[in-house]
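# What the coordinates show
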Amino acid sequence: MSTYPLLSLAIWIPIFAGLVVLATGGDRNASLARVLALAGAVAAFLVTIPLWTGFDTANGGMQFVELGAWIPRFNINYHLGVDGISMLFVILNAFVTIIVVAAGWEVIQTKVSQYNAAFLIMSGLMNGIFTSLDGILFYVFFEASLIPLYLIIGVWGGPKRVYAAFKFFLYTLFGSLLFLIALMYLFIQSGGSFSILEWHKLPIALGAQVWLFLAFLVAFAVKVPMWPVHTWLPDAHVEAPTGGSIVLAAIALKLGAYGFLRFSLPILPDASHELSGLVIALSLIAVVYIGFVALVQEDMKKLVAYSSIAHMGFVTLGFFMFSPMGVEGALVQMVSHGFVSGAMFFCIGVMYDRVHSRQIADYGGVVNKMPKFAALFMLFTMANAGLPATSGFVGEFMVILGAVKFNFWVAFAAASSMVIGAAYSLWMYKRVIFGDVANHHVEELSDINLREFAILGILAIATLWMGLYPQPFTEVMHASVNDLLRHVAISKIQ
Amino acid sequence: MFDNFVVPNLLPAAPEIFLAVMALAILMIDLLVKDSRRTVTFVLTQLALIGCAVIQFATSTGEITYTFSNMFVDDLMSDLLKLFLYATLIIVMFYSRGYVIDRESMNKGEYYVLALFATLGMMVMISANHFLTIYIGLELLSLSLYAMVAMNRDSVKSTEAAMKYFVLGALASGLLLYGMSMIYGATGTLEITGIAERLYGGGVNKSVMVFGLVFLVAGLAFKLGVVPFHMWIPDVYHGAPTSVTLLIGSAPKLAAFAIVMRLLVNGLITMAADWQNMLIILSVLSMAIGNLAAIAQTNLKRMLAYSAISHMGFMLLGIVTGVVSGDARYALNAYSSAMFYVIAYVLMSAGTFGMILLMARSGFEAEEIDDFKGLNKRSPWFAGIMLMLMFSMAGVPFFIGFFAKFSVLQAVVAAGHIWLAIVAVLFSLIGTFYYLRVVKVMYFDAPADDTPFAAPLDMRILISANGLAVAFLGIFPQVIMSLCAYALLRSL
């Protein structure tokens, strides 16, 4: 194991790089800002690689732990660590940051340094969320990460960006404020500790567990987002610039789901069992109903946004069946969704940059002009629909397998989404890509350049790798998931 | 005839005496200074404040020392609050300098002297252990501020604000005095520690005490500016020249916190159950009305006035959770969280009004929210500073405002008032909206004018430091948090 504080580096390198990029100032130094941002993102990614190579897959506990006093007055510690659940997201996050910086390379021409700095700082903050083992440290990162995304949507977003930015910020803040009170309650109950790992062992009466669970549920459900608190997401996605949509879909949505695994399940096992019906019902509504909503969207970004909600429904469904298959499937689904939805939003961004429209009706026959693009877009659309051999299939299949054991009708409803998912994904693909060239905008399209090809190519490799050989991923998470489930099975009521 | 005349121990009051002498001296010296050489007065004022800080530091014993027949007390809480007071005043004077020079009717020596007298009043309030001492300090502060609000003689708005402030302030002083006289009637003493002893001893007429307490709380609520005694705040904040608004909106909160501590906690802790319930109502109303009314404002100073109301309501939450059903176990935690909140608020408030002063120039006040349009384009650096201040006010980490809210909320939860904590966070969620709007105007909108800032370099540096301090103390809040806790531990 490495002696370097790898997790601290993973958090602070991007933040520090962001500040350096910010210091390059105005758009006169735009190219310098881009290069520095890319260097920072790559450096931040490189320090996360030892997390993968040095990871002990047999150990279900926390690894690469760092512990230091932060605010002794309230016993708040700078306590970091990763297990098999969080480690993948740190790497995914660092990876996506590179993609995002590259994705905005030519597109973003105003306030370049601020744009890149916002993404780098957010990347660091989100690594903080995934690695925090102290409740307040987690919360601080959780809430602070709203600021950069608020600015990204508001400054570089579309026509309704102000509305979307406010909605995004206030919605998520609402959830997290109740979460904060729950953290304080746990602090008092545990006799003055904010340590998440200690809370895992803390006995809590059922009544209190239910209230805490609901407070956590509000916070995480907004972030996931689950039906019916999902309405901020389509607005945020539609208005955000491409990079913002990628980060939002690939990483930010995972924060809520991650919260369930780190907080709700292990701290409140009895309430989790008690209220699992509620969460499963909400998840199935997301999977089926939101799937149908996605079917009727006219705007491509909105369509993918709704499909994200449906995919995240699979994730929460997988968690609350309390089986290794379900939880691991959900985790695979989260990672896979990071690649696939990121790629989908990037593809839409590629077309938007050329035509300046996201309406499906404005396209048609794109394959005639952009064959390379059409081929790659095809792969990601298939992955979004859950086609075997792509990463999208593995997660959904595992969750459905878990569901069959749990309850046939739940599995039936979940499986129906495979059909709905294929319908909205492929129908959109057909309308946009195939057919005759629809108008002169499409006529003037040029195929993707090397930068775009490289980004999509890397994402395609990742998607296929996970689809064909998911074992390295499941192997990493296996011990931790088993530990978690063993823990969740033990009642905390005394 | 002079047989029983004992020279009181002057040491605990050394900073006050020094400042009084300096203020009078500066008043004299200023008569010899030409208008164009007013910098001399400014420098002397700053030196007087720094001198106070040095004396404060040198004479601090860490023990609770009474002097002037127990009318005056010097303890660690007062030392700490006064040090923050001097720091605030030094910042305020730096920020106002450019603004004052640009406005002829304000560029007088009286401006500085009145500010020093106001400071002296606040110092006396902080160290008061007697109803009369509190009253003297309060009036010294208020009368100086009335005059300062009206200093811009040609402005109708300022004159009106000063009148309003004066009339309502006099009313509040009347309420306070009436309450004090009731309590005097019931206990037979004006000395705060004496009152506490009488109440412990028992045999005090409870209904007279409660009657007096109601008036006392009303008077305090007026000075703090909490609902329903808040009406003066928006008008005075709006009407006063911005440099005076900066002064009113920052340092006096420290003094108001101190007299709340002296009167209610030192004096009337045995009646905590009564005044806590009153303060809970005031606190919830303040958070509600302050935050909701702020949304409707287009004038930044008015918006910040309502935000001040809501912040003071939030701060009161820390004070109401000290005693839980007769158990004072949580007192230290609760009161120190309120103290930390006040200090954090003063830092943020000073920075925010400082930003308005930075943007203002001769003939242009920069007090509308729209005046901040496109600031990110005009100056990314100062837009960043204002962004930090706004998010800090909203209570978003990593800024000091978050830990201020955090420390008060944990005290509320520790006292078992979870519903109160939920109400508080829901109102601060509403409050976030108008802070976000300022950020929106700065970052999402195009600039309306491109005039470069006229502010002098010292102010630019200081306001940058102020903004960075909000972030730095948000990452490392431990020192001030434990200072507050330690000071109260040694003072209660």
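The numbers attached to residues start from 1 for each chain and follow its sequence in the written order. Lettering for chains starts from A, numbering for ligands starts from 1, and both go in the order in which the items are written. Local features in this predicted model are restricted to residues whose pLDDT is 70 or higher, and side-chain atom pairs enter the listing and the counts only when it is 80 or higher, whereas totals over whole chains, interfaces and linings include all residues. Water and hydrogen atoms were dropped before computing side-chain values, which therefore reflect all heavy atoms in the structure.

### With respect to the overall build of chain A
Each helix is a run of DSSP H or I of at least 4 residues and each strand a run of E of at least 2, with the numbering of both proceeding from the N terminus. In terms of regular secondary structure, chain A is built from 22 helices and 2 strands. Radius of gyration: C-alpha atoms only; globule rule: 2.2 Å multiplied by the number of residues to the exponent 0.38. On C-alpha atoms alone, chain A measures out to a radius of gyration of 21 Å, which is about the 23 Å that the 2.2 N^0.38 rule sets for 494 residues. Split into buried and exposed, the 494 residues of chain A put 66% on the buried side. Sequence-distant contacts in chain A: of pairs separated by 6 or more residues, those separated by 24 or more amount to 81%. All accessible-area figures derive from a Shrake-Rupley calculation using a 1.4 Å probe, and residue coverage is judged against the displayed protein chains alone. Working note: accessible area of chain A is about 15,900 Å², and carbon and sulfur atoms make up 67% of it. Buried means the residue's accessible area, taken with a 1.4 Å probe over protein chains only, is under 20% of the maximum for its type, while exposed means over 50%, and partly exposed covers the values in between. The contact criterion used is simple: two residues touch if any of their non-hydrogen atoms lie within 4.5 Å.

### Regarding the packing of helix 10 (residues 242-249) of chain B against helix 14 (residues 331-359) of chain B
Residues and elements named next belong to chain B. The interhelical angle for the contact between helix 10 and helix 14, taken along N-to-C directions, is 175 degrees, at an axis separation of 9 Å. As summarised for this structure, helix 10 and helix 14 are arranged roughly antiparallel, according to the angle between their axes. In this structure, helix 10 contributes Thr242, Ser243, Thr245, Leu246 and Gly249 to the contact, and helix 14 contributes Tyr345, Ser349, Ala350, Phe353, Gly354, Ile356 and Leu357. Gly is put with the polar residues, along with every residue not named as nonpolar or charged; the nonpolar set is Ala, Val, Leu, Ile, Met, Phe, Trp, Tyr, Cys and Pro, and the charged set is Asp, Glu, Lys and Arg. A breakdown of the residues in the contact of helix 10 with helix 14 according to their chemical character gives 6 nonpolar, 6 polar and no charged. Think of each axis as a best-fit line through the C-alpha atoms, taken over the contacting stretch in the case of a helix, with angles from 0 to 180 degrees between the N-to-C directions. Throughout, the term roughly parallel applies to angles under 35 degrees, roughly antiparallel to angles over 145, roughly perpendicular to angles from 65 to 115, and oblique to all others.

### Structural notes on unusual backbone geometry
With an omega dihedral of 5 degrees, the bond running from A:Trp227 to A:Pro228 counts as a cis peptide bond. Following the sequence through the fold, A:Pro228 ends up in the loop between helix 9 (206-223) and helix 10 (232-239). Residue B:Pro397 is joined to B:Phe398 through a cis peptide bond whose omega torsion reads -10 degrees. Position of B:Phe398 among the secondary structure elements: in the loop between helix 16 (380-394) and helix 17 (400-414). One non-glycine residue, B:Phe68, lies in positive phi territory at about 50 degrees. Tracing the backbone through its elements, the reader meets B:Phe68 in the loop between strand 1 (65-67) and strand 2 (72-74). Classification of B:Phe68 as partly exposed rests on a relative accessible area of 30%.

### Brief notes about the interface of chain A and chain B
A common way to state how big an interface is: give the accessible area lost once the parts meet. Counting residues at the interface gives 37 residues for chain A and 41 residues for chain B. When two parts are put together, the accessible area they lose, computed with a 1.4 Å probe and summed over both, is reported as buried area. Summed over both sides, the interface between chain A and chain B buries roughly 3,400 Å², with carbon and sulfur atoms accounting for 83% of that surface. For the chain A face of the interface with chain B, the top three residues by lost area are A:Arg73, A:Ile181 and A:Met184, together amounting to 17%. Within 3.5 Å is the distance limit for a polar contact, defined as a pair of N or O atoms, with the added protein rule that one can donate a hydrogen and the other accept it, and that residues adjacent in sequence qualify only through two side-chain atoms. Counting every contact that joins chain A to chain B gives 7 residue pairs in polar contact (both at pLDDT 80 or more). With 16 residues, helix 7 (residues 161-189) of chain A is the single largest residue contributor to the side of chain A that touches chain B. A breakdown of the residues in the side of chain A that touches chain B according to their chemical character gives 31 nonpolar, 2 polar and 4 charged.

### Topic: the pattern of salt bridges
Residues and elements named next belong to chain B. We define a salt bridge as a side-chain nitrogen of Lys or Arg found within 4 Å of a carboxyl oxygen belonging to Asp or Glu. Tallied over the full model, the rule gives 19 salt bridges over all chains. We note a salt bridge from Asp75 to Arg262, for which the minimum N-O separation is 3.1 Å. Pair noted here: Asp75 is in the loop between strand 2 and helix 3 (76-102) and Arg262 is in helix 11 (residues 251-267), with a separation of 187 residues, a long-range link. Taken as a pair, Asp75 and Arg262 share a single burial class, namely buried. In this structure, the salt-bridge partner of Arg302 is Asp235, at a minimum N-O distance of 3.2 Å. Of this pair, Arg302 sits in helix 13 (residues 300-320) while Asp235 sits in helix 9 (residues 232-239), and the two are 67 residues apart along the sequence. A relative accessible area of 19% places Arg302 in the buried class.

### Regarding the environment of A:Phe119
Along the chain, A:Phe119 falls in helix 4 (residues 112-131). Once residues lying within four places of it in the same chain are set aside, the contact partners of A:Phe119 are A:Thr97, A:Val100, A:Ile152, A:Gly243, A:Gly244 and A:Val247.

### Focus on the nonpolar core
The tendency in soluble globular proteins is for nonpolar side chains to be buried as a group. Note on terminology: a nonpolar core comprises buried Ala, Val, Leu, Ile, Met, Phe, Trp, Tyr and Cys residues joined through side-chain atoms within 4.5 Å. Formed by 397 residues in total, the largest nonpolar core has its most connected members in A:Phe319, A:Phe373, B:Leu268, B:Trp275 and B:Phe403. Counting residues per element, this core draws most heavily on helix 14 of chain B, which supplies 21 residues. Setting aside chain neighbours within four positions, we find A:Phe373 in contact with A:Cys347, A:Val350, A:Met351, A:Val366, A:Ile433, A:Asp447, A:Ile448 and A:Leu456.

### Focus on the packing of aromatic side chains
Residue and element names in this part refer to chain A. Ring pairs are drawn from Phe, Tyr and Trp, using the six-membered ring of Trp, whenever the two centres fall within 6.5 Å, and their geometry is named by plane angle: stacked under 30 degrees, edge-to-face over 60, tilted for the rest. One pass over the full model with this rule turns up 64 aromatic pairs over all chains. Taking the centre distance of 5.4 Å and the plane angle of 75 degrees together, the rings of Tyr150 and Phe169 count as edge-to-face. With Tyr150 in helix 6 (residues 146-156) and Phe169 in helix 7, the pair connects residues that are 19 residues apart, well separated along the chain. For the pair formed by Tyr150 and Phe169, the shared burial category is buried.

### Quick notes on the side chain of A:Ser276
Residue and element names in this part refer to chain A. On the secondary structure map, Ser276 appears in helix 13 (residues 276-295). For Ser276, a relative accessible area of 11% puts it in the buried group. Within the structure, the side chain of Ser276 is placed 3.0 Å from the backbone oxygen of His273, a separation counted as a polar contact.

Interpretation note: all reported values are geometric properties and have no functional meaning in isolation.
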